Amino acid sequence: MRHTTINGRTVSALCLGAMQFGSTTDAATSAAILDRFVEAGGTFVDTADCYQFWIEGGQGHESETFLGRWRRERGVTDEVVIATKIGAQPTVPGAGLEAAEGLSAEAVATAAERSRERLGVDTLDLLYAHREDPDTPVEETMEAFARLVAEGTVGELGLSNHRTWRLERARSAAQAHGWPRPRVLQYRYSYLQPRGDVPLESAGHMHATPELFDFVRAEAAQGREHVLVAYTSLLNGAYTRPDRPLEYAYDHPGAAARLAVLDDVAKETGATRNQVVLSWLAGHDPGVIPLVGVSSVAQLDEALEAMDLTLTSDQHSRLAAAR
């Protein structure tokens, strides 16, 4: 297992997505996946307080509740970093994101406390703002987050699915007031790139753009490092499963060209498409931590093996240059 750091804290270079644990993926399978991940050196797990409100019978706390129970049963403490996200839980049962709690000071404080209770922790390792809240000033959200860090109930801050100008506004507010800044950024990103003129099918998803990467590089040049976490890194199985076609946004000539090079590199390395994609992401510039969601131990093992795959500089260049 490769490893990286978040503000000096070592985490695995592969993040395990727990969105379906305890709901779509049954408890026994979910526990087996987590146990295997930890056994293999995995130490970074991702969830949210709204997973999975959209499924039949879903309440939006199933994943956090399951992870809290797994922690207690396995005696897991701070050796596993669990990141969670707040702001997207509907306030009305059965409603969608149009009724999301948002990121007001009150909503942040309440949601963070609920997450701590479900996960069974005194301090949330990493807390993200899940998605933009256009009705709440970024400054209000950042002040609420800073208060949680000052109280010791949150360790590290992150932003997910925020436009780059909002990232800059958050950074400016933090600098002006001496608040801790969000160091971890979570966006949808994979080897294939979607068309910019076609929206992604998944509501609320925001793709990492060249502008975002430029922001991260510019920040690094000023000594302000960020960690990028890429979700939907394997496009919901579309690289390898005929029953999982690519979303329409990825259906363009550039995708076909990149898939052709991906197949060439997979043949050269003896790896699967998925493994080449994960290795390419792990070697990305700026650095990216791929986040994978799996529903079986076999799928996890494929992802774990990708962390042992090192692509040559030529392979990296060919993959990146394909258009």
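In case you missed it, the structure is sitting above this.
These lines cover the structure that appears in this document, whether it is placed above or below. (Residues numbered from 1 in each chain as written. Predicted model: local features only at pLDDT ≥ 70, side-chain atom pairs only at ≥ 80, totals over all residues. Heavy atoms only, no water.)

### With respect to the nonpolar core
Residues Tyr 191, Val 276 and Leu 319 are the most contacted members of the largest nonpolar core, which totals 85 residues. If near-sequence neighbours (up to four positions away) are discounted, Val 276 is found in contact with Leu 262, Val 265, Ala 266, Thr 269, Ala 271, Leu 309, Leu 311 and Leu 319. Among the nonpolar cores identified, the runner-up in size contains 14 residues, and Ala 83, Leu 126, Val 184 and Tyr 231 belong to it. (Core = buried A, V, L, I, M, F, W, Y, C linked by side-chain atoms within 4.5 Å. Buried < 20%, exposed > 50% of the residue type's maximum accessible area, 1.4 Å probe, protein only. Contact = heavy atoms within 4.5 Å.)

### So, the packing of helix α8 (residues 273-282) against helix α10 (residues 313-321)
Two elements in contact, α8 and α10, have axes separated by 11 Å at closest approach and are oriented at 100°. Between α8 and α10, the interaxial angle falls into the category roughly perpendicular. Across from Val 276, Ser 279 and Trp 280 in α8, the residues of α10 making contact are His 316, Leu 319 and Ala 320. Here the contact of α8 with α10 is composed, by residue class, of four nonpolar, two polar and no charged. (Axes fitted to C-alpha atoms, helices over the stretch in contact; angles between N-to-C directions. Helix = DSSP H or I, 4+ residues; strand = E, 2+ residues; numbered from the N terminus. Parallel < 35°, antiparallel > 145°, perpendicular 65-115°, else oblique. Nonpolar A, V, L, I, M, F, W, Y, C, P; charged D, E, K, R; others polar.)

### Topic: the pairing of strand β10 (residues 288-293)
Most of β10 sits inside the fold, with five of its six residues counted as buried. Sheet analysis places strand β3 (residues 15-17) next to β10, joined by three bridges and oriented parallel. If you follow Leu 16 over to β10, its bridge partner there is Val 292. Relative to β10, strand β9 (residues 227-231) runs parallel, the two being bridged by three bridges. Among the inter-strand pairings, Val 229 is bridged to a residue of β10, identified as Ile 289. (Pairing = 2+ DSSP bridges.)

### Quick notes on the sheet that holds strand β5 (residues 81-86)
Read around the barrel, eight strands follow the order β3-β4-β5-β6-β7-β8-β9-β10 and close on themselves; strand pairing throughout is parallel. Across the sheet, the mean angle from the axis of one strand to that of its neighbour is 30°, orientation sign disregarded. Judged from the two bridges that link them, β3 and strand β4 (residues 44-46) form a sheet pairing that is parallel. Paired with Leu 16 across the two strands is Val 45, which belongs to β4. The strands touched by helix α1 (residues 27-39) within the sheet are β3 and β4, with β3 carrying the most contacts at an inclination of about 180°.

### Describing the pattern of salt bridges
Counted according to the given criterion, the structure contains 23 salt bridges. A salt bridge links Arg 9 to Asp 125; the nearest nitrogen and oxygen atoms lie 3.2 Å apart. In this pair, Arg 9 is assigned in strand β2 (residues 9-12) and Asp 125 in strand β6 (residues 124-129), connecting sequence segments 116 residues apart. Arg 224 is paired through a salt bridge with Glu 219; the nearest N and O atoms lie 2.9 Å apart. For Glu 219, a relative accessible area of 4% puts it in the buried group. (Salt bridge = Lys/Arg side-chain N within 4 Å of Asp/Glu carboxyl O.)

### Concerning the packing of aromatic side chains
Applying the stated criterion to the full structure yields six aromatic pairs. The interplanar angle of 75° and the centroid separation of 6.5 Å between the aromatic rings of Phe 21 and Phe 66 together place this pair among those described as edge-to-face. Highlighted residues: Phe 21 in the loop between β3 and α1 and Phe 66 in helix α2 (residues 62-74), separated in sequence by 45 residues. On the accessibility criterion, Phe 21 (1% relative accessible area) is buried. Take Phe 66: its relative accessible area is 5%, and that puts it in the buried class. Taking the centre distance of 5.1 Å and the plane angle of 80° together, the rings of Tyr 191 and Trp 280 count as edge-to-face. In this pair, Tyr 191 is assigned in the loop between β8 (184-188) and α6 (210-221) and Trp 280 in helix α8, connecting sequence segments 89 residues apart. Exposure remark for Tyr 191: the relative accessible area of 1% places this residue in the buried category. (Phe/Tyr/Trp six-rings, centres within 6.5 Å; stacked < 30°, edge-to-face > 60°.)

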